[in-house]
Amino acid sequence: MESKLMADGVLVSNYINGNEKSLEILIIRHKQRIFSFILSKVLDRDIAEDIFQDTFIKVIKTLKRGAYNEEGKFLPWVMRIAHNLVIDHFRRNKRIPTFNNTDEFDIFSVISDEVLNVEKQLIKNQILNDVRGLIDELPDDQKEVLLMRMYRDMSFKEIAENTDVSINTALGRMRYALINLRKLIEKHNIILVN
């Protein structure tokens, strides 16, 4: 039982010193949090499982190489690895439009994580049927982008082409759609916690 109470840092150094069980405890301890984070981004359980596995393969390689830096806390460090793997996944699947004026375009910096986590997961998983009704209250251009992105899983490049606007405009409409949706959710007192 006492291993449950051990600090992450202690478990990490025990693992580095050859105690395999320590890593298992760390994975079990943080699985829910890390997996939920990945799932909220990719919205697909199988892909999330793959990325979760890859995250820990990378964690193990880094620890075995002795490249883990104790400055950082274990969980935020793992979350960063997971986040990077999620971005790699989107890049591989051309889900993130690339812009010439920046080295990398990260969709998560356009729509805040909180917005994505709450609204996107909420809509995609149909936690609330009411939400579908609320979407109908949005202006047509915002509703169109939201439905294409959430329900048809189209990239912003595809949405831009389909609606004859620039990618920036499509992104802007998506942001406003989420902001307005949040206002509607608050107005109708819909509880977002499932």
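Residues numbered from 1 in each chain as written. Predicted model: local features only at pLDDT ≥ 70, side-chain atom pairs only at ≥ 80, totals over all residues. Heavy atoms only, no water.

## As for the overall build of the chain
Phase 1 of the analysis: A count of helical and extended segments in the chain gives 11 helices and 0 strands.
Phase 2 of the analysis: Along the chain, helices and strands appear, N-terminal first, in the series α-α-α-α-α-α-α-α-α-α-α.
Phase 3 of the analysis: At a minimum sequence separation of 6, the contacts of the chain that also span at least 24 residues come to 57%.
Phase 4 of the analysis: When the accessible surface of the chain is split by element, carbon and sulfur atoms take 49% of a total near 11,300 Å². (Helix = DSSP H or I, 4+ residues; strand = E, 2+ residues; numbered from the N terminus. Contact = heavy atoms within 4.5 Å. Areas by Shrake-Rupley, 256 points an atom, 1.4 Å probe, with all protein chains shown as cover.)

## Examining unusual backbone geometry
Phase 1 of the analysis: The phi torsion at L43 lies on the positive side, around 55 degrees, for a residue other than glycine.
Phase 2 of the analysis: Position of L43 among the secondary structure elements: in the loop between helix 3 (20-42) and helix 4 (45-64).
Phase 3 of the analysis: Phi at D164 is positive, roughly 60 degrees, even though this residue is not glycine.
Phase 4 of the analysis: Position of D164 relative to the elements: it lies in the loop between helix 10 (156-163) and helix 11 (167-187).

## Concerning the environment of K41
Phase 1 of the analysis: Its location among the elements puts K41 in helix 3.
Phase 2 of the analysis: Distance in space between the C-alpha atoms of K41 and H83 is 8.9 Å, their sequence separation being 42 residues.

## Quick look at the environment of L85
Phase 1 of the analysis: Along the chain, L85 falls in helix 5 (residues 74-92).
Phase 2 of the analysis: Sequence separation of L85 and T55 is 30 residues, and the distance between their C-alpha atoms is 7.2 Å.

## Quick word on helix 3
Phase 1 of the analysis: The largest bend along helix 3 measures about 55 degrees and falls at K31.
Phase 2 of the analysis: One side-chain oxygen of the residue at the start of helix 3 lies 3.0 Å from the amide nitrogen of K21, identifying that residue as N19.
Phase 3 of the analysis: Downstream of helix 3 by one or two residues, L43 has phi in the positive range, about 55 degrees. (Bend = angle between axes of the 7 residues up to and from the residue. Polar contact = N/O pair within 3.5 Å; in protein donor to acceptor, adjacent residues only side chain to side chain.)

## A few points about the nonpolar core
Phase 1 of the analysis: Counting residues in each nonpolar core, the largest one holds 29 residues, and the members touching the most others are I34, I38, V59, L63, F74 and W77.
Phase 2 of the analysis: When residues of this core are traced back to their parent elements, those giving at least two are helix 2 (8-16), helix 3, helix 4 and helix 5.
Phase 3 of the analysis: Among the elements that make up this core, the one with the highest residue count is helix 5 (10 residues).
Phase 4 of the analysis: Excluding its chain neighbours within four sequence positions, the residues that come into contact with I38 are A48, I51, F52, T55, A82 and V86.
Phase 5 of the analysis: By size, the runner-up hydrophobic cluster in this structure holds 20 residues, among which are M150, I159, I167 and L181. (Core = buried A, V, L, I, M, F, W, Y, C linked by side-chain atoms within 4.5 Å. Buried < 20%, exposed > 50% of the residue type's maximum accessible area, 1.4 Å probe, protein only.)

## Some thoughts on helix 10
Phase 1 of the analysis: Turning to helix 10, its buried residues are F156, I159, A160 and T163. Within helix 10, the buried residues cover an arc of 100 degrees as seen down the axis, which keeps them to one side.
Phase 2 of the analysis: A positive phi of about 60 degrees marks D164, the residue just after helix 10. (Arc of directions from axis to C-beta.)

## A short note on the confidence of the model for the chain
Phase 1 of the analysis: Mean pLDDT over the chain: 78, with 73% of residues reaching 70 or higher.
Phase 2 of the analysis: In the model, residues 96-113 has pLDDT below 50 throughout and makes 33 contacts with residues more than four positions away in sequence or in other chains.
Phase 3 of the analysis: Across residues 124-128 the pLDDT falls below 50, and counting only partners more than four positions away or on other chains, this stretch makes 11 contacts in the model. (pLDDT = per-residue confidence, 0-100.)

## Things to note about the pattern of salt bridges
Phase 1 of the analysis: Within this structure, the stated rule accounts for 8 salt bridges.
Phase 2 of the analysis: We note a salt bridge from K143 to D140, for which the minimum N-O separation is 3.9 Å. One end of the pair, K143, and the other, D140, are both in helix 9 (residues 140-150), 3 residues apart, so they sit about a helical turn from each other.
Phase 3 of the analysis: Assessed through its relative accessible area of 59%, D140 is described here as exposed. (Salt bridge = Lys/Arg side-chain N within 4 Å of Asp/Glu carboxyl O.)

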